[in-house]
Amino acid sequence: MVSWSPCTCAQTVPAVPPGFRTPLASLARWVMTVPATAIYFTAYDQLKAFLCGRALTSDFYAPMVAGALARLGTVTVISPLELVRTKLQAQHVSYRELGACVRTSVAQGGWRSLWLGWGPTALRDVPFSALYWFNYELVKSWLSGRRPKDQTSVGISFVAGGISGTVAAILTLPFDVVKTQRQVALGAVEAVRVSPVHADSTWLLLRRIRAESGTRGLFAGFLPRIIKAAPSCAIMISTYELGKSFFQRLNLEQPLSQ
């Protein structure tokens, strides 16, 4: 979840009319979401089949391992695109100026700057993915009973996805708080056009938040995150399962029609 502060991060770019900024910011989300989703689900299914087929781990833990590895790979590949989205949304940078911003970041911090924030993102998303898929397969199996796995209804996928998404969101919320605070601080630095200072480690930030705001500070934004995570996870996985079963039936029927 990217949460920038408009008061500290927004920059006015006269060359871009105000009416055109909202579509650019909206399109920026798709720039990252579409490839990330495609990579993530494809990697999960392939890794899960590979782990189960080679007996590298038990079927019980295979979703957890596959989910963690799939998200780790996706975060690594998509991290530069998240930088692009951040600049488009938070700084109202036009596409014409985006290349110059990226080149400036690389010149100041090297190519590693394109993966700035990779650590907090991975610490949030990898455990989330591992917990999500583990709980999803567990809840889905419990709700399905003796029904074959390939015959799971959309309703069961929806409920299982909502429950597993809620559990994963709660347990990984402290890492989301750290990522949000780091992005806000970085946006403030870039807004005043000064050289970025050395970033504190994730664990140091966790201890600092707990010292300043207590345990409640680590779970700031609890309700909004749950409200977002539960329905989005439920809709995402049920739609995915519906599409996957549709194309599986299509592939089975296609040879017969030929």
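Residues numbered from 1 in each chain as written. Predicted model: local features only at pLDDT ≥ 70, side-chain atom pairs only at ≥ 80, totals over all residues. Heavy atoms only, no water.

Caption draft 1: Summary view of the nonpolar core. The biggest cluster of nonpolar side chains holds 20 residues, and the ones touching the most others in it are Phe41, Phe128, Tyr132, Trp133, Tyr136 and Ile237. Sorting the residues of this core by element identifies α2 (21-53), α3 (62-90), α5 (118-144), α6 (154-171) and α9 (222-257) as the ones contributing at least two each. Sequence-distant contacts of phenylalanine 41, defined by excluding residues within four places in its chain, comprise Trp133, Met236, Ile237 and Tyr240. Core analysis: the next-biggest nonpolar cluster, separate from the first, contains eight residues, Val178, Leu205, Ile209 and Leu218 among them. (Core = buried A, V, L, I, M, F, W, Y, C linked by side-chain atoms within 4.5 Å. Buried < 20%, exposed > 50% of the residue type's maximum accessible area, 1.4 Å probe, protein only. Helix = DSSP H or I, 4+ residues; strand = E, 2+ residues; numbered from the N terminus. Contact = heavy atoms within 4.5 Å.)

Caption draft 2: Summary view of a nonpolar patch on the surface. Residues Phe60, Tyr61, Val65, Leu69, Leu72, Trp111, Trp115, Trp118 and Leu138 make up a contiguous nonpolar surface patch of roughly 860 Å² in combined accessible area. When contributions to the nonpolar patch are tallied by element, the ones reaching two or more residues are α3 and α5. The element best represented in the nonpolar patch is α3, accounting for three residues. Since its relative accessible area comes to 42%, tyrosine 61 is described here as partly exposed. (Patch = residues over 30% accessible without salt bridge, like charges linked within 9 Å, V, L, I, M, F, W, Y side chains within 5 Å. Areas by Shrake-Rupley, 256 points an atom, 1.4 Å probe, with all protein chains shown as cover. Salt bridge = Lys/Arg side-chain N within 4 Å of Asp/Glu carboxyl O.)

Caption draft 3: The arrangement of the pattern of salt bridges in detail. This model, assessed by the stated rule, comprises six salt bridges. Residues lysine 244 and aspartate 45 are paired through a salt bridge, measuring 3.8 Å at the closest nitrogen-oxygen approach. Within this pair, whereas lysine 244 is found in helix α9, its partner aspartate 45 is found in helix α2, the two being separated by 199 residues in sequence. Here lysine 244 falls in the partly exposed class, since its relative accessible area comes to 26%. Judged by relative accessible area, which is 24%, aspartate 45 ranks as partly exposed. Between lysine 140 and glutamate 241 there is a salt bridge; the shortest N-O distance is 3.5 Å. Of this pair, lysine 140 sits in helix α5 while glutamate 241 sits in helix α9, and the two are 101 residues apart along the sequence. Across this residue pair, the class does not change: lysine 140 and glutamate 241 are buried. Among the charged side chains, a network of salt bridges with common partners joins Asp45, Lys48, Glu137, Lys140, Glu241 and Lys244.

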